[in-house]
Every structure is written in structure tokens, then in C-alpha cells.
Amino acid sequence: MTQIISREIQLVSRPKGIPTETNFNLVQTTLPSLQEQQVLVRNLFMSVDPYMRGRMNEGKSYVPQFEIGKPLEGGAVGEVVESLATGFKPGDIVVSSFGWREYFIAAPQDLQTVSSEFQPLSVYLGALGMTGLTAWAGLHQGKVKAGETIYISGAAGAVGSVAGQLAKFRGCRVIGSAGSAEKVAFLLEECGFDGAFNYKEGPVLEQLKLNAPDGIDVYFDNVGGESLEASLAVLRLHGRIIACGGISGYNAEKPIPSPVNLFNITTKRLTMKGLMVFDWLNRQAEFLEEAGGYYKAGKLKHKETVVEGIDQAVAAFIGLFQGQNVGKMVVKLK
Ligand code: NDP
């Protein structure tokens, strides 16, 4: 094996508030030689995801924290360059959690081979990957049924846009909110939402009432804050909240006040349940069969925002908190 020079993004300090470029460093490394039962992979695409923000904080969390001076981790799709492990050969496409770097060496158990039948391969980070599974799992957990009205916040993002499309396939009436006119048009024209609004244009509660005058049955929460409070107000009796994310608070430097109207949970007998995609990994095959089928048939749209080059990965990550992505934000590695 010739010596491989790779570049990786390391965390140099823990962000306070919205991360900045100074919290990260692009570092050049030389990979060691390949050992028996190891695989050398070149990453083609890497994922940047809002949950990574939580891994940059000090202290314990539900996922291991990133370490200072070490490369970040995250979803990636790569191509096997060389293999000394049985079951892997050059050209194989693999999904791993060794993102934020150009090349890496891994053991077979840390790699998942995927078919190159689905293109672009970045779909394995989005509609057919972790965020797609999150959307699918949320709808299962929330027991979403035909005829119900579902409101999705962060609707034009990776999870939201797939959740909305899958909910439409299940026969729901789907309302979404997002942060620009372009995103609202994407939801209505490409994803088939029945209603959509720009949450930056006016109070969420007012706009939600206009789009769902008879209330909603389910709220798929990606953002928390004002959208959660508005949903508590318009959820019907026995409504459900799929508590998927709370991006409006991920960069908060002080504790965020909870919704003032939580008592609706009692009076309307609402159910609010936390969703963790990791709990659903054992149903990945079932998810892939359904979502892959829709994707192959051209029914499920995989919208993505592609940024090129590892030197642009940090900007892409920060861009998530500025709404720069429509669909899944991915970084294409050269
Ligand atoms: P997105 O693709 O939706 O990207 C983030 C989007 O969030 C931005 O484009 C922006 O869109 C919106 N946003 C950013 N800041 C704010 C804000 N202050 N208030 C409201 N919206 C904001 O990301 P994902 O689809 O990957 O993730 C969506 C949510 O799901 C996140 O909260 C994430 O943490 C969560 N998640 C949870 C998982 C789980 O297992 N529970 C797994 C995966 C994701 P806009 O222009 O509309 O503001």
C-alpha cells in the first residue's frame, strides 16, 4: 500500500452559541499501513447533522462527546480502495460513521456495504439513510394513520421533507413550516404538502390555525420552541407529539423556557414521546424496503444541498443553523 495522505476536521475548542470556524481545524494526516482484516476507504460524501452540535458541548450527553484534538465523527459514504479483509474488495460502496475525513482504515464490523443501484450515493445519508429512518420511525412511533392531519416543523430539511412525503403516502393531510419562501414552494410543489408556511413571516400559531382550521392530530417536532407551543394549542383530543428534535435551542447559551401551555397535555390527553433513531436500527431493512421502493419508483424525492470539499464542511455544518440547506445537507469530497 502506498502511503495515504488524508485530511480531517478536528475539534479545537467547544463552541459557545453558534459554532464558528475557529472551533475547528483542518489537519493533514498520514495513514498507517493496512493490517490483516482491515479496509482502506476513501469517503465520497459526508454528512453534517444538527445533532452533532450537542456532541461538541462539555459534559455527558445521550451520545459520546467529541474530544478536543480528535477528528469529528459522523455518517459517510465511501468507496473501498484496498482491502485485507474478507468480504470487501476495491470499488465496494460502504456506509460508516467515519465522516469528517477523506480516507480512513476500518475493521469490517464498522462498515456497512450498500448497493450502488441507488444514486446519487449521498442518498444513503439522507432519504435512505439515518435521517430517512428517523422520519419513518417517527411516523411509526406516532402511529400516524390515513385521514389524520400532521404538522411538521423544520419541514424542508432532511428529516422533515421525508416525514412529510411518507405521511402523504400514508394518506395524511400534511402541513409544514420552514424558513423561506423557496422552502415553502419546495414543500408544496415538490413534496406534495397540503399546506406550508414561512415561520419567519408571522406567529406560528396564527399561520398554523390558517392551515389547519380544525386542528391537528399529530405534531412532528424538529425545532421545539414556538412551534411546539403553537402545536400544543391546536392539537386535538388524544393528539400525539413526535419529539424528534429541538434545533431552535441547540445553540442556546442559557436554559430555554418551556412552552407556557404544557397543561394542554393534561386537558387534551396528549401523548408526547421522545424519538431516538438508534432505537430503530433493528428495523432498518423494513425501512429500506419501503422507502427504497418509493425512491426507485420516483415517488420519494431526495432533495439535497451539496457543498464541495472537506475545507467547506465546517461552513456546511454552521449553515444548518442558518437554514442554508433545502433537504439533506451533504459534503461531497473530491
Ligand atoms: P435539517 O436538514 O432540517 O437542517 C436543519 C434546519 O433546521 C435548517 O435548514 C433550518 O431550516 C432549521 N433551523 C435552523 N435553526 C432553526 C431555528 N432556530 N428555528 C427553527 N428552525 C431552525 O436537519 P435534520 O433534518 O437532519 O434534523 C432535523 C431535526 O431532527 C433536528 O432537530 C435534529 O436534531 C433532529 N434529529 C433527531 C433524530 C433523533 O433520533 N431524534 C435523528 C436525526 C435528526 P429553516 O430554514 O426552515 O429554518
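Draft legend 1. Just the domain arrangement of the chain, in detail. We note that the domain assignment places domain 1 (5-126 + 303-332) and domain 2 (130-278) within the chain. With centres defined by C-alpha atoms, the gap from domain 1 to domain 2 works out at 28 Å. For the pair domain 1 and domain 2, the number of links is one salt bridge. For Lys303, the salt bridge identified is with Glu190, shortest N-O distance 3.8 Å.

Draft legend 2. Structural context of the site of the ligand. Around the ligand sit 27 residues, and of these Val159, Lys183, Tyr199, Tyr250 and Asn325 come closest. In the model, an oxygen atom of the ligand is placed 2.8 Å from a nitrogen or oxygen of the Asn222 main chain. At 2.8 Å, a backbone N or O of Val277 approaches an oxygen atom of the ligand. Contact with the protein chains removes 90% of the 910 Å² of surface that the ligand exposes when unbound. Looking at the shell around the ligand, the elements that each hand over two or more residues are α2 (130-141) and α3 (158-169). Shared between two domains, the shell around the ligand holds at least three residues of each, these being domain 1 (5-126 + 303-332) and domain 2 (130-278).

Draft legend 3. Fine view of the environment of Ala158. Mapping Ala158 onto the fold places it in helix α3. Residue class for Ala158 comes out buried when judged on its relative accessible area of 16%. Sequence-wise, Ala158 and Ile265 are 107 residues apart; in three dimensions their C-alpha atoms are separated by 28 Å. Every residue in contact with Ala158, bar those within four places of it in the chain, is listed here: Thr131, Gly327 and Lys328.

Draft legend 4. Structural detail: the packing of α2 against helix α8 (residues 284-296). Running from N to C, α2 and α8 cross one another at 100°; their axes reach a closest spacing of 10 Å. Relative to α8, the element α2 is oriented roughly perpendicular. Residue-level inspection shows Gly132, Leu133, Trp136 and His140 of α2 in contact with α8, the latter providing Gln284, Glu286, Phe287 and Glu290.

Draft legend 5. Structural detail: the state of the cysteines. Scanning all chains against the criterion turns up zero disulfides. For Cys172, which is in no disulfide, the shortest distance to another cysteine sulfur is to Cys191 and amounts to 15 Å. Judged by its relative accessible area of 4%, Cys172 is buried. No disulfide involves Cys244; its nearest neighbouring cysteine sulfur is the one of Cys191, lying 16 Å away. Its relative accessible area of 22% is what places Cys244 among the partly exposed residues.

Draft legend 6. Here's a closer look at the pairing of strand β9 (residues 173-178). When you tally the buried positions in β9, you get five out of six residues, the bulk of the element. The pairing of strand β8 (residues 149-152) with β9 spans four bridges and is classified as parallel. Along β9, the bridge assignment pairs Ile152 with Gly176. One crossover worth recording links β8 to the parallel β9 by way of α3, and it is right-handed. The pairing of β9 with strand β10 (residues 195-198) spans four bridges and is parallel. When the bridges of β10 are listed, Ile175 appears paired with Gly195. Handedness of the β-α-β unit built from β9, helix α4 (residues 181-190) and β10 comes out right-handed.

Draft legend 7. Structural detail: the sheet that holds β10. Pairing is parallel across the open sheet formed by six strands, whose spatial order is β10-β9-β8-β11-β12-β13. Every interior strand has two partners, whereas the edge strands, β10 and β13 (271-274), have only one. Looking at each pair of strands side by side, their axes are set apart by 15° on average, direction ignored. Examined bridge by bridge, strand β11 (residues 216-221) and strand β12 (residues 235-243) share five bridges and lie parallel to one another. Along β12, the bridge assignment pairs Asp221 with Ala243. Contacting β9 and β10, α4 runs over the sheet at an angle of about 175° to β10. Each of β8, β9 and β10 touches helix α5 (residues 204-211); the most contacted strand, β10, lies at about 160° to it.

Thresholds applied
All residue numbers refer to position in the chain's written sequence, counted from 1. Given that this is a predicted model, residues contribute local features only at a pLDDT of at least 70 and side-chain atom pairs are listed and counted only at 80 or more, while totals for whole chains, interfaces and linings are drawn from all residues. Only heavy atoms go into the side-chain values, all of them from the structure, while hydrogens and water stay out. As used throughout, domain bounds are those supplied by an automatic or database domain assignment. Any Lys or Arg side-chain nitrogen found within 4 Å of a carboxyl oxygen on Asp or Glu counts as a salt bridge. One heavy atom within 4 Å of a molecule or strand makes the whole residue count as near it. For this analysis, a polar contact is any N or O atom pair within 3.5 Å, provided that within protein one partner can donate a hydrogen and the other can accept it, and provided that sequence-adjacent residues contribute only side-chain to side-chain pairs. Calculation of accessible area relied on Shrake-Rupley with a 1.4 Å probe; when residues are assessed, cover is drawn exclusively from the protein chains displayed. By the criteria applied, helices consist of DSSP H or I runs no shorter than four residues and strands consist of E runs no shorter than two, each listed in order from the N terminus. Each residue's exposure class comes from its accessible area (1.4 Å probe, protein chains only) as a fraction of the maximum for that residue type: buried when under 20%, exposed when over 50%, partly exposed otherwise. Two residues qualify as a contact provided that any one of their heavy atoms is within 4.5 Å of a heavy atom in the partner residue. Interaxial angle, 0 to 180 degrees, is taken between N-to-C directions of lines fitted to C-alpha atoms, where a helix line uses only the stretch in contact. Throughout, the term roughly parallel applies to angles under 35 degrees, roughly antiparallel to angles over 145, roughly perpendicular to angles from 65 to 115, and oblique to all others. Any two cysteine sulfur atoms lying within 2.5 Å of each other are counted as a disulfide. Here the rule is simple: two strands pair whenever DSSP picks up at least two bridges between them. If you view a crossover with the strands going away from you and the path from the first strand over the helix to the second runs clockwise, you call it right-handed.

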